[in-house]
Amino acid sequence: MQVTLNINGSDVTADVEPRQLLVHFIRDTAGLTGTHWGCDTSNCGACVVLMDGQPVKSCTALAVMCAGHEIRTVESLEVDGKLDPIQEGFHEKHALQCGFCTPGMLMTTRALLDENPNPTDHEIRTAISGAICRCTGYKNIVAAVQWAADRESAVKKEV
């Protein structure tokens, strides 16, 4: 069956099996390999993308069901060579080690900051509770999100 998905602002059309998962469409059809496919059980959160601005585990969504929705992947965060503040925060606060969970964490926390520009540590921990990081212990991830929130707040005050 033919499906067209809008991914990062561009339409991608392909013939797919009705059972093809969104994560495989993104990686194999659209060629965007930043979205990771991890646990195969929807527990790890490495495959999180934004659908209409909300975090979705792309291993739980069928590609055909995503037609008509706006999909954003980790590749959409950097624009014209400028990193998103959440990407900068992960760098500044050493919030990544192996990097496997990072794309899902970035997209989850991007959605959080879009909805709540000044989250508490508890709200950050709640937002990322659907993702597993085996390396950092989450402390640096929480610090990175706070760093990004502060950075975005400061930029808004300048404007």
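The coordinates are above.
Residues numbered from 1 in each chain as written. Predicted model: local features only at pLDDT ≥ 70, side-chain atom pairs only at ≥ 80, totals over all residues. Heavy atoms only, no water.

Asker: Can you break down the state of the cysteines residue by residue, with the values?
Answerer: Summed over the entire model, instances satisfying the criterion amount to zero disulfides. Looking at the unpaired Cys59, the closest cysteine sulfur is the one in Cys47, lying at 3.7 Å. Note on Cys59: relative accessible area 13%, which makes it buried. Its sulfur unpaired, Cys66 is 11 Å from the next cysteine sulfur, which belongs to Cys47. (Disulfide = S-S within 2.5 Å. Buried < 20%, exposed > 50% of the residue type's maximum accessible area, 1.4 Å probe, protein only.)

Asker: Which residues make up the pairing of strand 1 (residues 2–7), and what values do they have?
Answerer: Alternating positions in strand 1 separate cleanly, Val3, Leu5 and Ile7 being buried on one face and Gln2, Thr4 and Asn6 remaining unburied on the opposite face. In terms of strand pairing, strand 1 meets strand 2 (residues 10–15) through six bridges, oriented antiparallel. Each bridged residue has a counterpart across the sheet, and for Ile7 the counterpart in strand 2 is Ser10. As consecutive antiparallel partners, strand 1 and strand 2 are separated by two residues, and within that stretch Asn8 has a phi angle of approximately 55°, a positive value. Note that strand 1 and strand 5 (residues 70–72) share two bridges and pair parallel. By the bridge assignment, Ile7 is partnered in strand 5 with Ile71. (Helix = DSSP H or I, 4+ residues; strand = E, 2+ residues; numbered from the N terminus. Pairing = 2+ DSSP bridges.)

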